[in-house]
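Below are the chains, spelled out letter by letter.
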Amino acid sequence: MAAARHSTLDFMLGATADCNAVLKALQPVFQEQGMTETVHNWEDHGYLATYIKKNGSFANLRIHPHGLVLVDLQSYNDHTKGREETDQLLNKVEERMKELFHGNLKRIKRLPAILRGGVIDRYWPTADGRLVEYDIDEVVYDEDSPFQNIKILHSKQFGNILILSGDVNLAESDLAYTRAIMGSGKEDYTGKEVLILGGGDGGILYEIVKLKPKMVTMIDQMVIDGCKKYMRKTCGDVLDNLKGECYQVLIEDCIPVLKRYAKEGRMFDYVINDLTAVPISTSPEEDSTWEFLRLILDLSMKVLKQDGKYFTQGNCINLTDALTLYEEQLSRLYCPVEFSKEIVCVPSYMELWVFYTIWKKQTEV
């Protein structure tokens with residue numbers, strides 16, 4: 001099945017546009033392609049001309065009186081000849097516009113074509129809503145769990161990328177993420193008790209086990225099966241067995257386990273929360289993710305030693321409102337805490353990411 005190829009070409013004129021003159025100048029370019037024309041005129045709001053080819057390809061020419069001219073072309077042939085025909089048509093439009101305005105073009109912008117409906121989805125949004133096209137060339141794994149869709153896609157630059165319900169989670173290139181959520185090399189894990197919430201890609205567990213902890217307990221659901229097979233550069237062989245010399249992996253919901261540990265009085269030197277980023281929503285009373293986040297924080301503090309540390313991701317540095325709100329939530333926990341944060345560039349995210357270190361406030365004796 002051919003993907004729809006959506007190409008764009010934008011012109012910003014140095015002055016207002018004579019809409020009728022622009023239309024008449026560009027009409028022959030489309031008519032030469034055997035395209036049928038329909039024109040809409042909205043008086044003070046410019047022109048929209050639609051050109052349709054017999055094979056279903058079409059172009060929209062939108063001429064705004066203030067000087068913006070937009071060409072959108074959609075075709076369904078992704079083979080080399082089809083791409084060449086599209087490029088030739090856009091080249092002719094650009095040449096004709098340059099002839100018409102003799103250098104009075106402030107800006108000409110042609111973006112790479114967007115492919116829609118293809119077998120491989122290359123487009124994933126950043127946390128702050130920008131669209132990124134990844135160099136994805138293979139769907140490695142695609143399964144639905146009761147909780148989320150789990151995809152592992154191969155990128156030429158970043159290796160295999162774990163994507164959970166449409167969110168880029170971790171790529172094999174992203175050791176910077178793993179190091180940051182472990183304390184950026186400033187912590188001594190030797191002989192320590194560590195609790196990992198989430199982390200099903202195995203990256204945190206794999207790195208901590210190298211540091212000779214006393215025991216690491218990891219709690220996650222459903223992500224492990226795909227990662228242990230297709231994210232080997234991240235997790236090594238640590239997920240091949242759910243128990244090792246200094247670690248255990250529990251395939252359970254973390255909240256009942258945390259409640260049980262708190263009731264039993266079990267305490268950890270480090271708690272690493274890799275379950276979810278800080279929610280983008282800034283309505284904590286209405287968003288169940290905030291409620292989940294607060295519950296995890298409170299339960300984690302109950303199993304964290306007095307001198308222990310809690311590590312977690314925040315979100316994209318641009319989401320200042322959400323991050324500020326998260327920091328406000330820290331003042332509402334059952335015990336007083338203090339925190340610091342670090343900003344790290346995570347390669348596959350293509351944005352700067354905030355990480356938090358949280359600890360219990362020491363009471364004065």
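Every chain is numbered on its own, with residues counted from 1 as its sequence reads. Since the coordinates come from a predicted model, pLDDT governs what is reported: local features require at least 70, and pairs of side-chain atoms require 80 or more to be given and counted, while whole-chain, interface and lining totals use all residues. Side-chain calculation: all heavy atoms of the structure are included, whereas hydrogens and water are not.

1. Description of the overall build of the protein
Worth spelling out the cut-off: Numbering of helices and strands runs from the N terminus, with a helix taken as a DSSP run of H or I at least four residues long and a strand as a DSSP run of E at least two residues long. Our radius of gyration looks at C-alpha atoms and nothing else; its globule reference is 2.2 Å times the residue count to the power 0.38. To sort residues, take the accessible area from a 1.4 Å probe on protein chains only and compare it with the maximum for the residue type: under 20% means buried, over 50% means exposed, and anything in between is partly exposed. The contact criterion used is simple: two residues touch if any of their non-hydrogen atoms lie within 4.5 Å. Surface accessibility in these figures is a Shrake-Rupley result with a 1.4 Å probe; residues are shielded only by whichever protein chains are displayed.
Across its full length, the protein carries 9 helices and 19 strands. Expected size for 365 residues packed as a compact globule is a radius of gyration near 21 Å; at 27 Å, the protein overshoots this value by more than 25%. Projecting the C-alpha coordinates of the protein onto the three principal axes gives extents of approximately 85 × 45 × 35 Å. Scored against the burial criterion, the 365 residues of the protein give a buried share of 47%. If you take every contact in the protein between residues at least 6 apart in sequence, the share linking residues at least 24 apart comes to 61%. With the model as given, the accessible surface of the protein reaches about 18,400 Å², and the carbon-plus-sulfur share is 49%.

2. Topic: the UniProt feature "active site" (unreviewed entry) in the protein
The line we're drawing: UniProt positions are given in the numbering used here, feature names are shortened, and annotations may be inferred rather than shown by experiment. Here a polar contact means two N or O atoms within 3.5 Å. Within protein one must be a hydrogen donor candidate and the other an acceptor candidate, and residues neighboring in sequence count only if both atoms are side-chain atoms.
UniProt annotation of "active site" (unreviewed entry) refers to Asp274 when read in the numbering used here. The class for aspartate 274 is buried, based on a relative accessible area of 11%. At a separation of 2.4 Å, a polar atom in the side chain of aspartate 274 contacts the side chain of tyrosine 177.

3. Remarks on the nonpolar core
Quick note on the threshold: Residues belong to one nonpolar core when they are buried, are Ala, Val, Leu, Ile, Met, Phe, Trp, Tyr or Cys, and are joined through side-chain atoms within 4.5 Å. Residue ranges for the domains originate in an automatic or database domain assignment.
Ranked by internal contacts, the top residues of the largest apolar core, which has 81 residues, are Leu195, Leu205, Ile208, Ile272, Tyr310, Tyr326 and Ile358. Considering each element in turn, this core owes the most residues, 7 residues, to helix α8 (residues 288–303). The residues that make up this core include at least three from each of domain 2 (119–170) and domain 3 (173–360). Excluding residues that lie within four positions of it along the chain, isoleucine 358 makes contacts with Leu297, Met301, Leu304, Gly308, Lys309, Tyr310, Tyr326, Leu330, Val337, Glu338 and Phe339. Core analysis: the next-biggest nonpolar cluster, separate from the first, contains 26 residues, Cys19, Leu26, Val69 and Leu90 among them.

4. Here's the deal with the sheet that holds strand β17 (residues 304–316)
Definition in use: Two strands pair under a simple rule: DSSP has to find at least two bridges between them. A fitted line through C-alpha atoms represents every axis, and for helices the fit uses only the stretch in contact; the resulting angles, taken between N-to-C directions, go from 0 to 180 degrees.
Pairing within the open sheet is mixed, and its 7 strands lie in the order β15-β14-β13-β16-β17-β19-β18. Two strands lie at the open edges of the sheet, namely β15 (247–251) and β18 (337–346), each paired on one side alone. Going from strand to strand, the sheet's axes swing by 15 degrees on average, the running direction of each strand aside. Relative to β15, strand β14 (residues 215–220) runs parallel, the two being bridged by 5 bridges. From the neighbouring strand, aspartate 220 faces β15, where its bridge partner is isoleucine 251. Packed onto the sheet, α8 meets β13 (193–198), β16 (268–274), β17, β18 and β19 (351–360) and runs at close to 150 degrees relative to β17. Lying over the sheet, helix α9 (residues 320–330) contacts β17, β18 and β19, oriented at roughly 5 degrees with respect to β19.

5. As for the packing of α8 against α9
Axes are the key here: two packed helices are described by the angle between their axes and the distance separating the axes. Keep this limit in mind: Between 65 and 115 degrees an angle is taken as roughly perpendicular, under 35 as roughly parallel, over 145 as roughly antiparallel, and anywhere else as oblique. Less than a right angle of anticlockwise turn of the near helix away from the far helix marks a crossing as left-handed, whereas a clockwise turn marks it as right-handed. Note on residue classes: Ala, Val, Leu, Ile, Met, Phe, Trp, Tyr, Cys and Pro are nonpolar, Asp, Glu, Lys and Arg are charged, and everything else, Gly too, is polar.
Two elements in contact, α8 and α9, have axes whose closest approach is 11 Å; the angle formed by their N-to-C orientations is 40 degrees. The orientation of α8 relative to α9 falls into the category oblique. In terms of crossing hand, the pair formed by α8 and α9 is right-handed. Contacts from Trp290, Leu293, Arg294 and Leu297 in α8 reach Ala322, Leu325, Tyr326, Gln329 and Leu330 in α9. Class assignment for the residues of the contact of α8 with α9 results in 7 nonpolar, 1 polar and 1 charged.

6. Structural notes on the domain arrangement of the protein
Along its sequence, the protein is carved into domain 1 (4–115), domain 2 (119–170) and domain 3 (173–360). If you average the C-alpha positions of domain 1 and of domain 2, the two centres end up 33 Å apart.

7. Considerations on the pairing of strand β9 (residues 136–144)
In this sheet, strand β10 (residues 149–155) lies alongside β9 in antiparallel orientation, the contact comprising 7 bridges. Across the sheet, residue glutamate 143 finds its bridge partner in β10, namely isoleucine 150. What sits between β9 and β10 in their antiparallel hairpin is a turn of 4 residues.

8. Focus: the pattern of salt bridges
Here is the rule we go by: Put simply, a salt bridge is a Lys or Arg side-chain nitrogen that is within 4 Å of an Asp or Glu carboxyl oxygen.
Tallied over the full model, the rule gives 13 salt bridges. Notably, a salt bridge pairs arginine 130 with aspartate 128, separated by 3.1 Å at the nearest N-O pair. Look at aspartate 128 and you get partly exposed, because its relative accessible area is 23%. Notably, a salt bridge pairs lysine 210 with glutamate 207, separated by 3.3 Å at the nearest N-O pair. Assessed through its relative accessible area of 44%, lysine 210 is described here as partly exposed. We classify glutamate 207 as buried; its relative accessible area is 18%. When salt bridges with common partners are traced through the structure, they connect Glu94, Lys98 and Arg110 into a single cluster.

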